[in-house]
Amino acid sequence: MDARFARMLCVLCLVLTVRAFTQEGFKEVLLKQLGLSEVPKLHKRDLVDLVIPDHVKNKYISMLKRQRVKRRALPSLAGILRGIPGNAGEVLYSDTITRQNLIFDMEGRIPKNSEVTMAELKLFKKPLDRANLPARQPHRPVSNARVSVYWVQRHHDGTNRTSLIDSRLVPIRESGWKNFDVTQAVHYWLRNKKREPMFLEVWIEGERVGSHASEMAKAVRFTSQDPKDKALGKPELVLYTLDLEDYGGPGDCKEEAVTGKSTCCRQKHYINFRELSWTQYWIIEPAGYQAYRCSGGCLQPPSPLRRFGYGERSCAVVETSPLPMMYLVKRGNRTEIEAAEFPNMIVEKCSCVTDG
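An account of the accompanying structure is given in this report. (Residues numbered from 1 in each chain as written. Predicted model: local features only at pLDDT ≥ 70, side-chain atom pairs only at ≥ 80, totals over all residues. Heavy atoms only, no water.)

**Description of the overall build of the protein chain**
- For the protein chain, the count of helices and strands is 8 helices and 16 strands.
- Here the protein chain holds 356 residues, and 46% of them are scored as buried.
- A separation threshold of at least 6 residues defines the contact pool for the protein chain, and within that pool the share at least 24 residues apart is 74%.
- On the protein chain, roughly 19,200 Å² of surface is accessible, and the fraction owed to carbon and sulfur atoms is 51%. (Helix = DSSP H or I, 4+ residues; strand = E, 2+ residues; numbered from the N terminus. Buried < 20%, exposed > 50% of the residue type's maximum accessible area, 1.4 Å probe, protein only. Contact = heavy atoms within 4.5 Å. Areas by Shrake-Rupley, 256 points an atom, 1.4 Å probe, with all protein chains shown as cover.)

**Digging into the sheet that holds strand E15 (residues 313-331)**
- Pairing is antiparallel across the open sheet formed by 3 strands, whose spatial order is E12-E15-E16. Edge positions in the sheet fall to strand E12 (283-285) and strand E16 (334-354), since each has one partner strand and no second. If you compare each strand with its neighbour and ignore which way they point, the axes differ by 40° on average.
- With 2 bridges joining them, E12 and E15 adopt antiparallel strand pairing. Bridging from a neighbouring strand, Glu-285 pairs with Met-326 of E15.
- Strand contacts of helix H4 (residues 54-66): E12, E15 and E16, with the helix running at about 15° to E16, the strand carrying the most contacts. (Pairing = 2+ DSSP bridges. Axes fitted to C-alpha atoms, helices over the stretch in contact; angles between N-to-C directions.)

**Re the state of the cysteines**
- Taken as a whole, this structure holds 3 disulfides when the rule is applied.
- Put simply, Cys-264 and Cys-315 are joined by a disulfide, and their sulfur atoms are 2.0 Å apart. The S-S bond linking Cys-264 to Cys-315 shows a torsion near 70°; that makes this disulfide right-handed. Placement of Cys-264 in the loop between helix H7 (244-247) and strand E10 (265-267) and of Cys-315 in strand E15 is noted, with a sequence separation of 51 residues between them.
- What makes Cys-264 buried here is its relative accessible area of 14%.
- Accessibility expressed as a relative area gives 18% for Cys-315, which makes it buried.
- For Cys-294, the disulfide goes to Cys-350, at an S-S distance of 2.1 Å. Between Cys-294 and Cys-350, the S-S dihedral sits near -90°, and the bridge is therefore left-handed. Of the two residues, Cys-294 is situated in strand E14 (residues 293-295) and Cys-350 in strand E16; the sequence distance between them amounts to 56 residues. (Disulfide = S-S within 2.5 Å.)

**Some remarks on the packing of aromatic side chains**
- Scanning the entire structure with this criterion turns up 5 aromatic pairs.
- Look at Tyr-150 and Trp-203: their rings are 4.4 Å apart centre to centre, the planes differ by 35°, and that puts the pair in the tilted class. Of the two residues, Tyr-150 is situated in strand E5 (residues 144-154) and Trp-203 in strand E8 (residues 198-206); the sequence distance between them amounts to 53 residues.
- Look at Tyr-150 and you get buried, because its relative accessible area is 5%.
- The interplanar angle of 40° and the centroid separation of 5.0 Å between the aromatic rings of Trp-151 and Tyr-188 together place this pair among those described as tilted. You can see Trp-151 sitting in strand E5 and its partner Tyr-188 sitting in helix H5 (residues 183-192), a full 37 residues away along the chain. Each member of the pair Trp-151 and Tyr-188 is classed as buried.
- One residue, Arg-99, lies across the ring of Trp-203, its end atom 3.9 Å from the ring centre.
- Here Arg-266 stacks its cationic end above the ring of Tyr-292, 3.6 Å away from the centre of that ring. (Phe/Tyr/Trp six-rings, centres within 6.5 Å; stacked < 30°, edge-to-face > 60°. Lys NZ or Arg CZ within 6 Å of the ring centre and 35° of its normal.)

So, in structure tokens, the structure goes:
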């Protein structure tokens, strides 16, 4: 199936230029390149007990890291958030997984007319307590635990939906600060526009399948936000921003572009996969993305040039970047997860193009 993604390049260029990332255009191209006549009939029950294999998770995270926000200038430190003590921080243990819930108050923390270019979650790993290690050691030793960070979206009905943000292996026997890139989670929070804190979940799992790896992972303990946890090094969320007055992206639309009064520029256009009925169960990650689109007018060539075959100039996409995605695939009665990088899904630059 991966070979089909490579053939999306030319088709997507045309569709994105003409249809400006409309949801129907995206749907049509996606189905065509996957060789499908309609969206797979997937239901919420297809997600029950569905586990993302480590190789798929690693592939997706590695694609995300390549698609990081471009640093257009040295960002300034917006602030270090210490979390909301008392509201979260409990660590839940079970036979297979360890989870920690984190809450950060974001209101008023991000300066106006600025852009968050980077956000880091800093967790302090406590020194290893050997009493937490399993008694018997198998022939194949376990040195690491997998630590994954998820953004949690709360719904009005009381249910939650998570989105994978970062994942890495952490040495079990080492202590100290461990950093995770949660820029995407902050962007999700900003897009959500709800007057509520940002919720994160930290999942600690075995580095491989098996009960021993899971038991070893339980020995990994991070300092929590709970005031009862007297250990030093509370979780921190570090934000870096750019002042758009000084470092705004060239070619990005101002407010007047919405009314069509500006010259050619790049306008924000967010596609929310969780709100589209045909993607909410099919596309696992991301929850949505900023696709952008081209908007505004262009100066037209003088009349003499038009007689020599120069056509009208129009605002069009001239540079794009890919979008990493994790999605469900039906193979008979089996439901599997795959990860792929879809080219030309994010508009990076717009310009005036002359027809002919």
